[in-house]
Amino acid sequence: MAARDEGMATARVLDADEVQGVLSGRFYAPADAAPARAPSRASLEKPTHYKVICISMYTKDLDRLDQLVDELKSRGMTKANRSALIRAALDQLDLDKVPRGM
């Protein structure tokens, strides 16, 4: 009796057209069909509001940056991360206070 109830519950959940579409197209394509490919990275639109960059930093500076991020998180700023902290620092930067011998 329980197996019959499970079968009826399954039938109510599964849409026959949806199941047929999956079986005939996506999972069981003919052997001679070309494999489906994900769009290449080049064909995808790239975001224009930010760029991913790579910079070098001394390990002691990275350690300090991570300590500051951890401190912000402990203060409840759960979305704090390295790039957010660097952006905040840039917003507060006074160029007149930057040491000449950088």
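Scroll up a little and you will see the structure.
What comes next is a walk through the structure. (Residues numbered from 1 in each chain as written. Predicted model: local features only at pLDDT ≥ 70, side-chain atom pairs only at ≥ 80, totals over all residues. Heavy atoms only, no water.)

Details of the overall build of the protein chain
Item 1. Helix and strand counts for the protein chain come out as four helices and zero strands.
Item 2. When the elements of the protein chain are put in sequence order from the N terminus, they spell out α-α-α-α.
Item 3. Taking all 102 residues of the protein chain together, the buried fraction comes to 4%.
Item 4. For the protein chain, the accessible surface area stands at approximately 10,300 Å², while carbon and sulfur atoms represent 56% of it. (Helix = DSSP H or I, 4+ residues; strand = E, 2+ residues; numbered from the N terminus. Buried < 20%, exposed > 50% of the residue type's maximum accessible area, 1.4 Å probe, protein only. Areas by Shrake-Rupley, 256 points an atom, 1.4 Å probe, with all protein chains shown as cover.)

Observations concerning the pattern of salt bridges
Item 1. Summed over the entire model, instances satisfying the criterion amount to two salt bridges.
Item 2. Here R82 and D66 are joined by a salt bridge, their closest N and O atoms 2.8 Å apart. With a gap of 16 residues between them, R82 in helix 4 (residues 82-92) and D66 in helix 3 (residues 59-74) connect regions that are remote in the sequence.
Item 3. Salt-bridge contacts for R75 lead to E71; the nearest nitrogen and oxygen are separated by 2.8 Å.
Item 4. The exposed category is assigned to R75, whose relative accessible area is 62%.
Item 5. The exposure class of E71 is partly exposed, given its relative accessible area of 36%. (Salt bridge = Lys/Arg side-chain N within 4 Å of Asp/Glu carboxyl O.)

Points about the packing of helix 3 against helix 4
Item 1. Between helix 3 and helix 4, the least distance of the axes is 10 Å, while the angle of their chain directions is 95°. Of the possible angle classes, the one that applies to helix 3 and helix 4 is roughly perpendicular. Along the contact surface, helix 3 presents L62, L65, D66, L68, V69 and L72, while helix 4 presents R82, L85 and I86.
Item 2. Considering only residue class, the contact of helix 3 with helix 4 consists of seven nonpolar, no polar and two charged. (Axes fitted to C-alpha atoms, helices over the stretch in contact; angles between N-to-C directions. Parallel < 35°, antiparallel > 145°, perpendicular 65-115°, else oblique. Contact = heavy atoms within 4.5 Å. Nonpolar A, V, L, I, M, F, W, Y, C, P; charged D, E, K, R; others polar.)

With respect to a nonpolar patch on the surface
Item 1. Where nonpolar side chains cluster on the molecular surface, the patch consists of I53, I55, M57, I86, L90, L93 and L95 and spans about 720 Å² of accessible area.
Item 2. The exposed category is assigned to L90, whose relative accessible area is 56%. (Patch = residues over 30% accessible without salt bridge, like charges linked within 9 Å, V, L, I, M, F, W, Y side chains within 5 Å.)

Focus on the environment of K79
Item 1. Following the sequence through the fold, K79 ends up in the loop between helix 3 and helix 4.
Item 2. With 10 residues separating them in the primary sequence, K79 and V69 have C-alpha atoms 9.3 Å apart.

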